[in-house]
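If you want the building blocks of each chain, they are given just below.
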Amino acid sequence: MQSLIWNDLSAVQRAQALQRPVRARGDAVREGVARIIEQVRADGDGALRLLTRRHDGVALDALEVSAAEFDAAEAELDATLKVAIAEAAARIEQFHAATAPQPVRVQTAPGVSCERMLRPIARVGLYVPAGSAPLPSTVLMLAVPARLAGCPEVLMCTPPRADGRCDAAVLHAARRCGVQRVFKFGGAQAIAALALGTASVPRCDKLFGPGNTWVTEAKQQVAALPGGPAIDMPAGPSEVLVIADAEADARVVAADLLAQAEHGPDSQVLLVSPSAALIAAVQAEVAHQCALLPRAAIAQQALAASRAIRVQDLAQAVVVNNDYAPEHLILQVRAPRALLDSVRSAGSVFLGAWSPESVGDYCSGTNHVLPTDGHARAWSGVSVASFQKQITVQELDQQGLRGIGPCAITLARSEGLHAHARAVSLRLELMMAAES
């Protein structure tokens, strides 16, 4: 990790220090994704088979997971893992049910009733990565809120293993959450299939799920197509920012940084601290612990584009965080809640020494599908609301229209929209005529 002193940097250097590594490959990724989308548009299932053979080295007989494959996954999976998946799903359901939007009805004036009603999105597509590490936890994070929202059709795409089957834990989690249709391909081609539809894959109304740079770019491109699907958010390579004070345990801070660095070579981790001694200790611990990891080579690539930044104090550390807007923010400080009110941008926050980001990835109950690449400035993580449409309703009786109609007429005329004003004034005239 490169070490920097924040107050020694110019504005340009500060911006460079907070730049994500994926931007350097932007043009090549954009063009490659556009080609894949056009291939899937032109050749449908044939393109999916071709691209899966080319990128995953797997020749697929069937694009969709069969009932027999689901059953085989159930038989293959370790019972302890099944219990852990069930425990995590229960906590995720508890949190998401408690935070789900509720219908609302309000009388805003006598005789004027305004409502918000909730309707599930009809068909949603879930993307579950499985490149260097299959992610059954992502199935839970997406499928549980989709079920709570009441989505009638839930499809899922996930890359196959070398033997042409999907990861057993991913399939078990899908079946447990009620996902009946799973397709065995991934990458940008999966996003294109879910967005455009093919002979085998129904076209979806909204797409969900994290992925690598190609998947994220594909989601953004299909969302920009005329009539294209909505997407949950730009959720790309994983990232974490850790704010640590001099009292933090360097071993724990290093472990948190490496937990994100091992996700993939395009992940990024940042350490921000006012303590030079703590930064030096963490750097040493990162080197020591990384060498012991099975995924050390991946973590080392991520660390090459990561930073350790010394700031003047914790207040400045929070300013750096808000500029970076990380997917995950860990506050490894003596009084973490004292900083929380100042946090303006983060996908999810972890407070104190005993709150590892890993529990949020798996089983605390919050969602791990979060905005990355600075999009936490304006986007939120996946929730039940992500799978619903909120439709407003209003109902007025005669008293209500008499009360608020003149307000509408005045505003409409001020905007030069006289037909708008007439739609109200005509009704008021009809009321007066009926009463005379």
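All figures in this text were calculated on a predicted structure; none of them were measured in a lab.

(A) Quick look at the pairing of strand 10 (residues 268-273). In terms of burial, strand 10 is a largely internal element, six of the six residues being buried. Along strand 10, one buried face is formed by Gln268, Leu270 and Val272 and the opposite face, lined by Val269, Leu271 and Ser273, is buried too. The pairing of strand 9 (residues 239-244) with strand 10 spans five bridges and is parallel. In the strand pairing of strand 10, isoleucine 243 is matched with valine 272. After leaving strand 9, the chain enters helix 9 (residues 250-261) and then returns to the sheet as strand 10, a path that is right-handed.

(B) Main features of the pattern of salt bridges. A complete count under the given rule lists 18 salt bridges for this structure. One salt bridge in this structure joins glutamate 435 and arginine 402, with 1.9 Å as the shortest N-O distance. Note that glutamate 435 is positioned in helix 16 (residues 418-435) and arginine 402 in helix 15 (residues 398-414), a separation of 33 residues in sequence. Residue classification places arginine 402 among the partly exposed positions, given a relative accessible area of 36%. Through salt bridges with shared partners, a single ionic network connects Glu76, Arg161 and Asp163.

(C) Geometry of helix 15. End to end, helix 15 covers 24 Å across 17 residues, agreeing with the expected 24 Å (1.5 Å per residue, within 8%). Along its length, helix 15 reaches its greatest deviation from straightness, about 45 degrees, at isoleucine 404, and the proline proline 406 lies no more than four positions downstream. The set of residues buried in helix 15 consists of Gly400, Leu401, Gly405, Ile409 and Ala412. Considering only its buried residues, helix 15 is in contact with strand 3 (112-120), strand 14 (388-396) and helix 16. N-capping of helix 15 is provided by aspartate 397, with a side-chain oxygen placed 3.2 Å from the backbone N of glutamine 399. Phi for glycine 416, located one or two positions after helix 15, is positive at around 75 degrees.

(D) Quick peek at unusual backbone geometry. Positive phi outside glycine occurs at alanine 325, with the angle close to 55 degrees. As for its position among the elements, alanine 325 is in the loop between helix 12 (314-324) and strand 12 (328-332). You can call alanine 325 buried: its relative accessible area is 0%. Phi is positive for aspartate 373, close to 60 degrees, though the residue is something other than glycine. Within the secondary structure, aspartate 373 sits in the loop between helix 14 (357-362) and strand 14.

The rules we used
- Residues numbered from 1 in each chain as written.
- Predicted model: local features only at pLDDT ≥ 70, side-chain atom pairs only at ≥ 80, totals over all residues.
- Heavy atoms only, no water.
- Buried < 20%, exposed > 50% of the residue type's maximum accessible area, 1.4 Å probe, protein only.
- Helix = DSSP H or I, 4+ residues; strand = E, 2+ residues; numbered from the N terminus.
- Pairing = 2+ DSSP bridges.
- Right-handed = clockwise from strand over helix to strand, strands pointing away.
- Salt bridge = Lys/Arg side-chain N within 4 Å of Asp/Glu carboxyl O.
- Expected span 1.5 Å × (residues − 1).
- Bend = angle between axes of the 7 residues up to and from the residue.
- Contact = heavy atoms within 4.5 Å.
- Polar contact = N/O pair within 3.5 Å; in protein donor to acceptor, adjacent residues only side chain to side chain.

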